[in-house]
Amino acid sequence: MAINEKVLEELLNQYPAKVKRNRKKHIIIKDADLARQEIEANTRTIPGIITNRHCAFAGCKGVVLGPIKDMVHIVHGPIGCAYYTWGTRRNKAKSEDPTQNFINYCVSTDMQESDIVFGGEKKLARMIDEVVEIFKPNAISVSATCPVGLIGDDLQAVTKAAQQKHGISITAYNCEGYKGVSQSAGHHIANNVWMDQIVGQGDMEEPPSKYTINILGEYNIGGDSWEVERILKEIGYTVLSVMTGDGSYEALKNSHVAELNLVQCHRSINYIAEMFETKYGTPWLKVNFIGIQSTIDSLRNMALYFGDQDLINKTEEVIARELARVEPVIDQYKKICQGKTAFCFVGGSRSHHYQGLFKELGVETVLAGYEFGHRDDYEGREIIPEIKLDADTKNIPDLHVTPDERRFRLKISPERMEELKKKIPLSDYKGMNIEMKDGSIIVDDLNHFETEEFIKLLKPDIFASGIKDKYAVQKMGIPSKQLHSYDYSGPYAGFNGAVKFAEDIAMAFASPTWNFITPPWKNEPLLEGTIAEG
Ligand code: CFM
Ligand code: HCA
């Protein structure tokens, strides 16, 4: 069935009045006739509601710092927080120098009650000494979890002293879990520290070769960034650094010399893209390497940015060759997938990015939303520039850029920038609300109650989300595809990734397992009422 305002109202009527008022602002039915549909986002989840969100510490240490392989990431806090960010996010990295790849370690001060009472600074200092002695890393990060902020351990002072003592980069991240309303605050904390203390610290003055780029917001889940790099290298780009999939401190500190920044995940890293633009004059281009057409569009926009005919030709050559190879395979899977519907609910950018790939397989996304997206993720940046500085960014001091610090000239002239902006959307982003089909449902911070209710109403053929709702969804007889961890499959990015995704989705649909499950609505009446007597 299609959901109209009346059906939505009935669903929301099951909430107490106050909760209903709140949740109503987080749900919209896409209506292209309305000029701008606003959605409330990036606000606190109502206590007691089962949300899929995580905390600032998860966003900083788990998501953004976690994949940097040549840094030892110390978690200052109780062991559970360290264990969570070690075991959950799929951080994958290869290293030329295996002695500088610490990705598989879980390093924590393992705070105990006595540390909470007497303070944990000395323990942290000892731990840093020990880490330097054992691992001899080029860099160390120290992330705080909730109790550290509550007892007031001075992370900055401890890391500063340790940095002087050991002569390596030791950065502190005050990403206590309670900060902000989701992991989103943590992304910003990580980005700010790097920009201040890591980026620009390397010796490089000029890009090492033609077409040097950074890829921002690509985290190498299931090997995604390896596939993206394969394509880019083949065309002739030099990927200076990836932030942060299979990333490294060594690359990060020289990333200021890149000529262009690509932004894959807009949510977690748009801050840094803007800081690069302000500080080093590096323009950024929003890309999406999920889905065949989006990959092609991204490659073409990049070629257009550099404007070199050879690069444009090479881009077309690679696109044509890849298409000829993957299209016949995808067409086979499409036969199984065609005509199906999906729900797509992930953190902050994938719910949007995967819709194109689903569509290429003939699957329509009928409901989507972000766990912690901000309004610009939904409504687009061009449309709402006034919220560029949103809730997360307000409390964090601006990056001060003195003329002296502006060591690098604007990489392209302002005139060329204007000219390019007319051709390609540099520093621009189209939100989910703009791109979804009329009548589809957009839900911010979807909770478990709403998940069940929307499933009963729309009965999607597949639900793409995370670990917290995966099994509840499967018990309703709906195949689930984790779009965080890819259910340990992947890559899903680029050309090879699209094939892998098509294979996995087709397999989910074709599995006979679903025949053995009776969805609850088969036995439960959908409408409840009393039959009149007489
Ligand atoms: Fe960006 Fe991400 Fe996402 Fe994100 Fe995440 Fe992730 Fe995600 Mo999980 S950085 S916003 S905080 S694309 S970890 S790789 S899958 S929620 S949609
Ligand atoms: C995080 C990481 C996570 C969790 C995934 C999930 C990831 O937010 O702490 O809930 O399934 O992608 O690993 O988003």
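Values in this document were obtained by computation on a predicted structure and should not be read as measured data.

The subject of this paragraph is the packing of aromatic side chains. The full count for this structure, using the stated rule, is 16 aromatic pairs. On the basis of an interplanar angle of 80° and a centroid distance of 5.0 Å, the ring pair of Tyr492 and Phe501 is categorised as edge-to-face. There is no split in this pair, since Tyr492 and Phe501 are both buried. One aromatic cluster is present, built from ring pairs that chain together Tyr354, Phe358, Tyr486, Tyr492 and Phe501. Above the plane of the ring of Trp226 lies Lys94, whose end atom (NZ or CZ) is 4.1 Å from the centre.

Time to look at the site of ligand 2. Ligand 2 sits among His54, Ala58, Tyr84, Thr88, Arg89, Gln183, Gly466, Ile467 and His484. At a separation of 3.0 Å, an oxygen atom of ligand 2 approaches a polar side-chain atom of Gln183. Look at ligand 2: alone it shows 360 Å² of surface, and the protein chains cover 91% of it.

Between helix H13 (residues 292-306) and helix H22 (residues 494-510), the shortest axis-to-axis distance is 9 Å and the interhelical angle comes to 170°. Between H13 and H22, the angle is such that the two are roughly antiparallel. Counted together, Ile292, Thr295, Ile296 and Leu299 of H13 and Gly494, Phe495 and Ala498 of H22 form the full contact between these two elements. For the contact of H13 with H22, the residue count by class is five nonpolar, two polar and no charged.

Turning our eyes to something else, we now look at the sheet that holds strand S10 (residues 341-346). Judged by pairing direction, the sheet is mixed, and its six strands sit side by side in the order S1-S12-S11-S10-S13-S14 without closing on themselves. Here the strands that pair on one side only, and so sit at the sheet edges, are strand S1 (27-29) and strand S14 (480-482). The average angle at which neighbouring strand axes cross in this sheet is 15°, direction not considered. The pairing of S1 with strand S12 (residues 441-443) spans three bridges and is classified as antiparallel. Looking at the pairing, Ile27 lines up with Val443 of S12.

Near ligand 1 you find 14 residues, and of these His187, Cys265, Gly347, Gly348 and His484 are the closest. Here the shell around ligand 1 is built from residues that sort into six nonpolar, six polar and two charged.

A word on the pattern of salt bridges. Counting across every chain of the model gives 32 salt bridges. For the salt bridge of Lys179 with Glu176, the shortest nitrogen-to-oxygen distance reads 3.1 Å. Among the residues examined, Glu176 registers a relative accessible area of 2% and is labelled buried. Residues participating in the shared-partner salt-bridge network are Glu227, Arg230, Glu234, Arg321, Glu322 and Arg325.

With that settled, the discussion passes to the pairing of strand S13 (residues 462-465). Both faces of S13 are covered, namely the face carrying Ile462 and Ala464 and the face carrying Phe463 and Ser465. Examined bridge by bridge, S10 and S13 share three bridges and lie parallel to one another. Paired with Phe343 across the strands is Phe463, a residue of S13. Where S13 and S14 come together, three bridges link them in parallel fashion. By the bridge assignment, Phe463 is partnered in S14 with Ser480. Crossover connection from S13 via helix H21 (residues 467-475) to parallel S14: handedness right-handed.

Here the focus is the confidence of the model for the protein chain. Caution applies to low-pLDDT regions: their predicted coordinates should not be interpreted in detail. Confidence in the prediction for the protein chain averages 92 pLDDT; 93% of positions are at 70 or higher. Residue range residues 385-407 is modelled with pLDDT below 50. Its contacts to residues more than four positions away, or to other chains, number 33 contacts. Overall fold confidence for the complex sits at a pTM of 0.94, while the interface term, ipTM, reaches 0.98.

This paragraph deals with the sheet that holds strand S4 (residues 139-144). Spatially, the four strands line up as an open sheet ordered S3-S2-S4-S5, and their pairing is parallel. The open sheet is flanked by strand S3 (107-108) and strand S5 (169-173), the only strands paired with a single partner. Bridge count for S4 against S5 is five bridges, and the pairing is parallel. Looking at the pairing, Val142 lines up with Ala172 of S5. Most of the contacts of helix H8 (residues 155-166) go to S5, to which it runs at about 175°, and overall it touches strand S2 (71-76), S4 and S5.

It is worth spelling out the nonpolar core at this point. With 102 residues, the main nonpolar core has Tyr173, Trp194, Ile213, Leu232, Tyr237 and Leu262 as its most contacted residues. When residues in this core are grouped by element, the largest group, nine residues, is from H22. Discounting residues that sit within four places of it in the chain, Trp194 has contacts with Val64, Leu65, Ile68, Tyr173, Val199, Met243, Thr244, Leu252, Ile269 and Ile272. Core analysis: the second largest hydrophobic core is formed by 24 residues, Leu8, Leu446, Phe454 and Phe463 among them.

Analysis parameters
- Residues numbered from 1 in each chain as written.
- Chains lettered and ligands numbered in written order.
- Predicted model: local features only at pLDDT ≥ 70, side-chain atom pairs only at ≥ 80, totals over all residues.
- Heavy atoms only, no water.
- Phe/Tyr/Trp six-rings, centres within 6.5 Å; stacked < 30°, edge-to-face > 60°.
- Buried < 20%, exposed > 50% of the residue type's maximum accessible area, 1.4 Å probe, protein only.
- Lys NZ or Arg CZ within 6 Å of the ring centre and 35° of its normal.
- Near = heavy atom within 4 Å.
- Polar contact = N/O pair within 3.5 Å; in protein donor to acceptor, adjacent residues only side chain to side chain.
- Areas by Shrake-Rupley, 256 points an atom, 1.4 Å probe, with all protein chains shown as cover.
- Axes fitted to C-alpha atoms, helices over the stretch in contact; angles between N-to-C directions.
- Helix = DSSP H or I, 4+ residues; strand = E, 2+ residues; numbered from the N terminus.
- Parallel < 35°, antiparallel > 145°, perpendicular 65-115°, else oblique.
- Contact = heavy atoms within 4.5 Å.
- Nonpolar A, V, L, I, M, F, W, Y, C, P; charged D, E, K, R; others polar.
- Pairing = 2+ DSSP bridges.
- Salt bridge = Lys/Arg side-chain N within 4 Å of Asp/Glu carboxyl O.
- Right-handed = clockwise from strand over helix to strand, strands pointing away.
- pLDDT = per-residue confidence, 0-100.
- Core = buried A, V, L, I, M, F, W, Y, C linked by side-chain atoms within 4.5 Å.

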